Amino acid sequence: MTIVETGAGRVAVRRTAGESGGRAAVATVLLHGAAGSWTTWAPLIEAAEAERGAPIADLVVPDLPGWGDSPADPSLLDAGVLADAVATVARALGYQRWRLVGHSLGGFVALELAAREPDATESVTLVSATAFGGRADTVSGLRLFAAYAPLMLLDVGMRVLAALGPLGPRVVRVLDRGGLLAHLVAPLFARRVPGIAHELARDVRPAAFVQAVAIARHYPAAGRWGRIRCPVVAIRGDRDVFVPPSDDLRLASVIRGLRTVVLPATGHFAHVEHPSLVARLCLGAGPVGAWPVSEVRASVVP
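Numbers given to residues run from 1 along each chain, matching the order in which its sequence is written. Two thresholds apply to this predicted model, a pLDDT of at least 70 for residue-level local features and 80 or more for giving and counting side-chain atom pairs, whereas whole-chain, interface and lining totals are computed over all residues. Side-chain metrics rest on all non-hydrogen atoms present in the structure, leaving aside hydrogens and water.

(A) Broad picture of the packing of helix α2 (residues 79-92) against helix α3 (residues 106-116). Lines fitted to C-alpha atoms define the axes here, with helix axes fitted over just the stretch in contact, and angles between the N-to-C directions of these axes take values from 0 to 180 degrees. Numbering of helices and strands runs from the N terminus; a helix is a DSSP stretch of H or I covering at least four residues, while a strand is a stretch of E covering at least two. Axis separation between α2 and α3 bottoms out at 9 Å; the angle between their running directions is 75°. With respect to α3, the axis of α2 lies roughly perpendicular. On the side of α2, the interface is formed by Ala79, Gly80, Leu82, Ala83, Asp84, Val86 and Ala87, while α3 contributes Val109, Glu112, Leu113 and Arg116. Residue polarity is assigned by list, with Asp, Glu, Lys and Arg as charged and Ala, Val, Leu, Ile, Met, Phe, Trp, Tyr, Cys and Pro as nonpolar; anything else, Gly included, falls into the polar class. Per-class residue counts for the contact of α2 with α3 are seven nonpolar, one polar and three charged. If an angle is under 35 degrees, it is roughly parallel; if it is over 145, roughly antiparallel; if it lies from 65 to 115, roughly perpendicular; otherwise it is oblique. Residue contacts follow a heavy-atom distance rule, with two residues in contact if any of their heavy atoms lie within 4.5 Å.

See below:
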């Protein structure tokens, strides 16, 4: 683990060695969602390394400020602050260009960084990205709740936990030990993932989660994401309770040239449920957009 000082505080980052070559290396940066830390990428990284028989070079996996081993005051965070922190980390490690992969609300950070740093960003891949269809700042709270009820209900629960202060994470761990948490998080997955409730309990940061949802709700997506010049691919599961199919068309109207890949028998954590497949999509040779949807569908075994 490496610690990098950023404008948002100390950021913990895991990385792999770079490739030796003539041109400057491009980092692949994995950005976790609001309900986890860098560890949510572990299944994907392990699957990719097992398939290749070697470590993935130039991989940069930070704990975003406010999560994991990167302490920060959540109230001081916004999309720009988080994006700048990621850029600072990449440059501190010697990279001037990057490919971004963002899961869930981490996709906001990836898209904001692509908008802020168009010359440095080669591509963005969104995995189960909770992006509110790029319209959260233009609709009423009631309409937003109706369209994204599961996420908004989780936000309510996280607000309660955040109000409990240090007791909040303890409550989650008690639910985990009693086996109740596994039932509560089951709707997020289309298949059983052993041990996932324990992983989520360990990484829960209620105040940071609440702030992340607030960032997404008030983010001017149409104005910001219209500046993105690089290819953007959105991978989502057909059983994702946080990302309805209607998001595809809405995001396509905001992000020029967006390509969407739908994975059957997949919930909100596509990279955890099908790590080998998503690793090939995100870390494989060639752009994700080159994959035929039919091939992707045939690759998933329910």
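Once you've had a look at it, read on.
(B) Here's a closer look at the packing of aromatic side chains. In this scheme Phe, Tyr and Trp rings, the latter by its six-membered ring, pair at centre separations within 6.5 Å, and the angle between planes marks the pair as stacked below 30 degrees, edge-to-face above 60, and tilted otherwise. Applying the stated criterion to the full structure yields five aromatic pairs. Centre to centre, the rings of phenylalanine 108 and tyrosine 219 are 5.2 Å apart; their planes meet at 90°, and the pair counts as edge-to-face. Separated by 111 residues along the polypeptide, phenylalanine 108 in helix α3 and tyrosine 219 in the loop between α9 (206-217) and α10 (221-225) bring together distant segments of the chain. Judged by its relative accessible area of 5%, tyrosine 219 is buried. With a centroid separation of 5.0 Å and an interplanar angle of 85°, the aromatic rings of phenylalanine 132 and tyrosine 148 are classed as edge-to-face. Within this pair, whereas phenylalanine 132 is found in the loop between β6 (121-127) and α4 (141-147), its partner tyrosine 148 is found in the loop between α4 and α5 (149-163), the two being separated by 16 residues in sequence. Per-residue accessibility, obtained with a 1.4 Å probe over protein chains only, is compared with the maximum for each type, and a residue is labelled buried under 20%, exposed over 50%, and partly exposed between these values. According to the relative accessible area criterion, tyrosine 148 is buried, its value standing at 1%. An aromatic cluster is built from Phe108, Tyr219 and Trp225, whose rings are joined through pairwise contacts.

(C) Just helix α8 (residues 196-203), in detail. Listed in full, the buried residues belonging to α8 are Ile196, Ala197, Leu200, Ala201 and Asp203. Where α8 is buried, its residues touch α6 (167-177), α7 (180-185) and α12 (270-273).

(D) Just the nonpolar core, in detail. By size, the foremost hydrophobic cluster in this structure holds 79 residues, and its most contacted members are Trp98, Val124, Trp225 and Val232. When residues in this core are grouped by element, the largest group, eight residues, is from α2. Among the buried residues, those of types Ala, Val, Leu, Ile, Met, Phe, Trp, Tyr and Cys that are joined through side-chain atoms within 4.5 Å form a nonpolar core.

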